[in-house]
Amino acid sequence: MKLQIKGLSKTYKNGVKALDNVDLEIGTGMFGLLGPNGAGKSSLMRTISTLQSPDSGSITFGDIDVLKDQMSLRKVLGYLPQEFGVYPNMSAEKLLNYFAQLKGIASKEDRKKIIKEVLEVTNLWDVRNKSVSGYSGGMKQRFGIAQLLLNNPKLIIVDEPTAGLDPAERHRFLNVLREIGNNHTVIFSTHIVDDVRELCHELAILNGGNILYRGTPKEAEESL
Ligand code: ADP
Ligand code: ADP
């Protein structure tokens, strides 16, 4: 399904113009949103996720009018915010079981099956009995992915997931994203050029709330 953003603008109360008439079209696969700190990446991600409203513009995902029908969007959305989650002292497996119950997956067998799947995809199966509150930053980020995959989302938005991860953790995380990018629309924001180079089939470069470039990583390297 295609995500289509038109004329999106946002100025915060302090006068900062975080998004300046952004147009962007994003199809299936792994899409990178690259930009330095303060570029407007989080503002754009939060707006697509309907956590904040723009001043003007429109967003559609397939036939969902995202800004008018937030409930429909949320049913198909998986969003991993930039901040690390705070988790209770509970094993990954138990916590996922709890979330799956909240999501209304009634059958114990169904929950078992999906939980095994998401723990394997995120490479956390071996540590499923450990407390999530004791996980490292990288493991918590992967747990965040496991949690959002329970929804079977059509659109996945991850905001600077590799910020603050050491190289080994970062690598593990990128491998997980690569796997889910094969069959989902994933929008991945980062300020690390190598993240995008390794992972994304297309990218946009955002700076000062403006899209400076939109294309493949290869073309970007040739033109910049
Ligand atoms: P990025 O994610 O690329 O670092 P942000 O979207 O977080 O960029 O921020 C873009 C600009 O908007 C920055 O100048 C930031 O300080 C400002 N900003 C972000 N959130 C708010 C807010 N809630 N209120 C005021 N200014 C904000
Ligand atoms: P790093 O390896 O850079 O220290 P990680 O957060 O990836 O950071 O891992 C922290 C510790 O947890 C490591 O000792 C690692 O062996 C262990 N660990 C991480 N992920 C897994 C996993 N999927 N299965 C088993 N152990 C893991």
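Computed from a prediction, not measured in an experiment: that's the story for all the values here.

Trainee: Which parts of the structure should I look at to understand the sheet that holds strand β8 (residues 185-190)?
Mentor: Strands belonging to one sheet form pairs held by backbone hydrogen bonds; the direction of such a pair is parallel or antiparallel. The sheet built from 6 strands is open, its strands ordered β6-β7-β8-β3-β9-β10 with mixed pairing. Every other strand in the sheet has two partners, leaving β6 (77-80) and β10 (210-215) as the edge strands with one partner each. Averaged over all pairs of adjacent strands, the angle between their axes in this sheet comes to 15°, without regard to strand direction. Two elements, strand β3 (residues 29-34) and strand β9 (residues 202-207), share 4 bridges in a ladder whose sense is parallel.

Trainee: What is the right way to look at the pairing of strand β1 (residues 3-11) in this model?
Mentor: Sheet faces and side chains relate simply in a regular strand, where the side chains alternate between the two faces. As paired elements, β1 and strand β2 (residues 17-26) share 6 bridges and run antiparallel to each other. Across the sheet, the residue bridging to L3 is I26, located in β2. Remark: 5 residues form the turn of the hairpin made by β1 and β2, two consecutive strands paired antiparallel; G15 in that turn has positive phi of roughly 95°. Taken together, the 5 bridges between β1 and strand β4 (residues 56-61) define a ladder with antiparallel strand orientation. The residue of β4 that forms the bridge with K6 is S58.

Trainee: Help me understand the site of ligand 2, please; the structure alone is not making it clear to me.
Mentor: Taken together, N123, L124, D126, V127, S136, M139, R142, D166, A168, E169 and R172 make up the full set of residues near ligand 2. One of the side-chain nitrogen or oxygen atoms of R142 is found 3.2 Å away from a nitrogen atom of ligand 2. Side-chain polar atom of D166 to an oxygen atom of ligand 2: 2.8 Å apart, as the coordinates give it. Protein contacts shield 61% of the accessible area of ligand 2, which totals 530 Å² for the unbound molecule. Listed by contribution, the elements that provide at least two residues to the shell around ligand 2 are α5 (137-149) and α6 (167-181). If you tally residues by element for the shell around ligand 2, the top one is α6, at 3 residues. Residue classes in the shell around ligand 2 are distributed as 4 nonpolar, 2 polar and 5 charged.

Trainee: Explain the environment of K112 here, please?
Mentor: Looking at the secondary structure, you find K112 in helix α4 (residues 108-121). Put simply, K112 and E179 are 67 residues apart on the chain and 21 Å apart in space, counted from C-alpha to C-alpha.

Trainee: What am I meant to see in the environment of T11 here?
Mentor: If you trace the backbone, T11 turns up in strand β1. Taking the C-alpha atoms as reference, T11 lies 9.9 Å from S56; in sequence the two are 45 residues apart. Ignoring any residue separated from it by four or fewer positions in sequence, one finds T11 in contact with V16, K17 and D55.

Trainee: For this particular structure, what's the right way to read the site of ligand 1?
Mentor: Every one of the 13 residues lining ligand 1 counts as a neighbour, but G38, G40, K41, S42 and S43 are closest to it. G40 has a polar backbone atom sitting 3.0 Å from an oxygen atom of ligand 1. Alone, ligand 1 offers 550 Å² of accessible surface; in the complex the protein occludes 65% of this. With 4 residues, the top contributor of residues to the shell around ligand 1 is helix α1 (residues 41-48). Of the residues assigned to the shell around ligand 1, the class counts are 5 nonpolar, 6 polar and 2 charged.

Here is what the cut-offs are and how they apply
Residues numbered from 1 in each chain as written. Chains lettered and ligands numbered in written order. Predicted model: local features only at pLDDT ≥ 70, side-chain atom pairs only at ≥ 80, totals over all residues. Heavy atoms only, no water. Pairing = 2+ DSSP bridges. Helix = DSSP H or I, 4+ residues; strand = E, 2+ residues; numbered from the N terminus. Axes fitted to C-alpha atoms, helices over the stretch in contact; angles between N-to-C directions. Near = heavy atom within 4 Å. Polar contact = N/O pair within 3.5 Å; in protein donor to acceptor, adjacent residues only side chain to side chain. Areas by Shrake-Rupley, 256 points an atom, 1.4 Å probe, with all protein chains shown as cover. Nonpolar A, V, L, I, M, F, W, Y, C, P; charged D, E, K, R; others polar. Contact = heavy atoms within 4.5 Å.

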